[in-house]
Amino acid sequence: MKVLFAAAEAYPLAKVGGLGDVAGSLPKALRSLGHDVRIALPRYGMIRSTKEDLGAFPVRIGGTTQEAHLLTSSIDGVPVYLVDKPDLYDRPKVYEYEDDGQRFGFFCKALLDLLPAADFWPDVIHCNDWHSALTPAFLRTLYAGDERYRAIRTAFTIHNLQHQGLFGRDLFEWTGLPADSWGPEGVEFYGQLNFMKAGIVYADLVNAVSPTYAKEIRTKECGFGLEGLLGSRSSKLSGILNGIDYDVWNPARDAQIPHTYTKSTIDRKAKDKHALQKEAGLPADPKAPLLGMVSRITEQKGLDILLPALPRILELRAQAVILGTGEKKYEDLLAELSKGADNLVAYLKYDEALAHRIYAGSDFFLMPSRFEPCGLGQMISLRYGTVPIVRATGGLVDTVTDVTQDPKKGNGFVFSDYAPEALLDATRRAVEFYRGRRGWKALRQRAMASDFSWNNSAAQYARWYERSRGA
Ligand code: ADP
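Residues numbered from 1 in each chain as written. Predicted model: local features only at pLDDT ≥ 70, side-chain atom pairs only at ≥ 80, totals over all residues. Heavy atoms only, no water.

Novice: Just to check I follow, could you spell out the site of the ligand for this structure?
Specialist: Taken together, 21 residues form the shell around the ligand, and within it G18, D21, R296, K301 and Y359 come nearest. One nitrogen or oxygen atom from the main chain of K349 is found 2.9 Å from a nitrogen atom belonging to the ligand. One of the side-chain nitrogen or oxygen atoms of Y359 is found 2.7 Å away from an oxygen atom of the ligand. Relative to its free-state accessible area of 570 Å², the ligand is covered by the protein chains to the extent of 92%. Among the elements of the structure, helix 1 (18–32), helix 13 (352–361) and helix 14 (377–383) are those that each provide at least two residues to the shell around the ligand. When residues in the shell around the ligand are grouped by element, the largest group, three residues, is from helix 13. Residue composition of the shell around the ligand, by class: eight nonpolar, six polar and seven charged. (Near = heavy atom within 4 Å. Polar contact = N/O pair within 3.5 Å; in protein donor to acceptor, adjacent residues only side chain to side chain. Areas by Shrake-Rupley, 256 points an atom, 1.4 Å probe, with all protein chains shown as cover. Helix = DSSP H or I, 4+ residues; strand = E, 2+ residues; numbered from the N terminus. Nonpolar A, V, L, I, M, F, W, Y, C, P; charged D, E, K, R; others polar.)

Novice: Sorry if this is basic, but what is going on with the pattern of salt bridges here?
Specialist: Working definition: two side chains of opposite charge can pair if their charged atoms are close together. For the coordinates displayed, the defined rule picks out 29 salt bridges. For K28, the salt bridge goes to D245, with nearest N and O atoms at 3.0 Å. You can see K28 sitting in helix 1 and its partner D245 sitting in the loop between strand 12 (237–239) and helix 10 (269–280), a full 217 residues away along the chain. The pair formed by K28 and D245 is uniform in burial state, with each residue classed as buried. Linked by salt bridges that have partners in common, K28, D76, D245 and D247 make up one network. (Salt bridge = Lys/Arg side-chain N within 4 Å of Asp/Glu carboxyl O. Buried < 20%, exposed > 50% of the residue type's maximum accessible area, 1.4 Å probe, protein only.)

Novice: Can you walk me through the packing of helix 10 against helix 13 in this structure?
Specialist: The axes of two packed helices give the description: the angle between them and the distance between them. Orientation of helix 10 relative to helix 13, taken along the N-to-C sense of each, is 125 degrees, at an axis distance of 8 Å. Put simply, helix 10 runs oblique to helix 13. With respect to the hand of their crossing, helix 10 and helix 13 are arranged in left-handed fashion. For the pair helix 10 and helix 13, contact is made by K269, D272, K273, L276 and E279 and by L354, R357, I358, Y359, A360 and G361, respectively. When its residues are assigned to classes, the contact of helix 10 with helix 13 shows five nonpolar, one polar and five charged. (Axes fitted to C-alpha atoms, helices over the stretch in contact; angles between N-to-C directions. Parallel < 35°, antiparallel > 145°, perpendicular 65-115°, else oblique. Left-handed = near helix turned anticlockwise from the far one by under 90°. Contact = heavy atoms within 4.5 Å.)

From the geometry alone we can't say anything about function, so treat these as descriptive.
Right under this line is the structure:
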């Protein structure tokens, strides 16, 4: 199977969040199953090292033909095509520019126009989130008459339905999509162009990043207005759980943590905790339960319940280290809370290496998400024997089992209500369990034994691609 894997991010070339992790690791896992998977990305400012220049290629959009360059790179042996168009992409950040509609609209079109230059004709183009979601619409309409493109199928993965890529009608006209694709059955969403909707409507297959999220997005609560459409496409909507890269996230060999350990040498983890306490300027008390959090600081991640709960959590004689960036109002509140506290440290920045040290050095990992399509933080923390405290939503339901409910299989602490009291209650249970010591080591070892590598999920993706042939 030949697959072009299109995304706005792919670790380590460009990463903002979980999408980057997935795009950096799933293609590698699929290649190890024998599939010819190649990644396509815009060439952003932070991508400095490239391999080959495959030359200029024309991209027809905006009523004109523009020129882009096709460069190559690689991620762990996976070939990467980079769409080089400096006026759009040679900037320090991946997203959040005024012209993101043009930037990613161009990328969606370039994904099809680069194929002759790459001389790569995939069986499937796998698009991910709104940034590559117009490609199926282009393929089905503007390329329908082109013999070279006829056999290509499209698969579309929803990583987060909250961000849909909504733009005005002028952008729709700029894309050059045919006039009859503007309407409720096409790419229009209440008078706007909706990239995400285009992916759902035009792709041959659609999935979401966990089985629970695939169900939740058909409800009003999590559907962000697309629940009706998704409900009507139930037959082509599946859920495949993400995995994490077990080479990148491996406490036995992680070069970014001070002390490596395995399931059988888990006692060494205490040294990572000590090092993290020192680094963060926290009292180096081995008995104080240490809560870690590595997350975007946004409403989605549960900041509305975390912030009111935090002072009371700290009264449990716990310590907390939080790493993240995001919405200013939450960042300011966190900074405020941590200022006077000797047991709370908030690092308001993006820092991969520190993230590794927090995953390794913490006893618990906080993930009180309002909604969570899959979530990687809980999988990474499990891998490091750091017990997750999560809200029962989306992929967190599919990966974390409450140990109070199921003492034999439980690998974390789970609560349901989106309320500070519910988070506090779960944290209290966690801290009591920790202080009780009975079963604590076994719980951590069980956490480490959970398998969220790509082994299972990559095989499911391969079967999913196969299904597109019949679509
Ligand atoms: P999302 O994609 O919604 O942000 P996920 O849990 O799926 O959430 O993935 C988040 C990824 O980004 C994890 O690998 C996490 O460790 C990483 N991450 C988030 N914030 C930071 C940060 N400030 N510094 C380093 N890594 C971060």
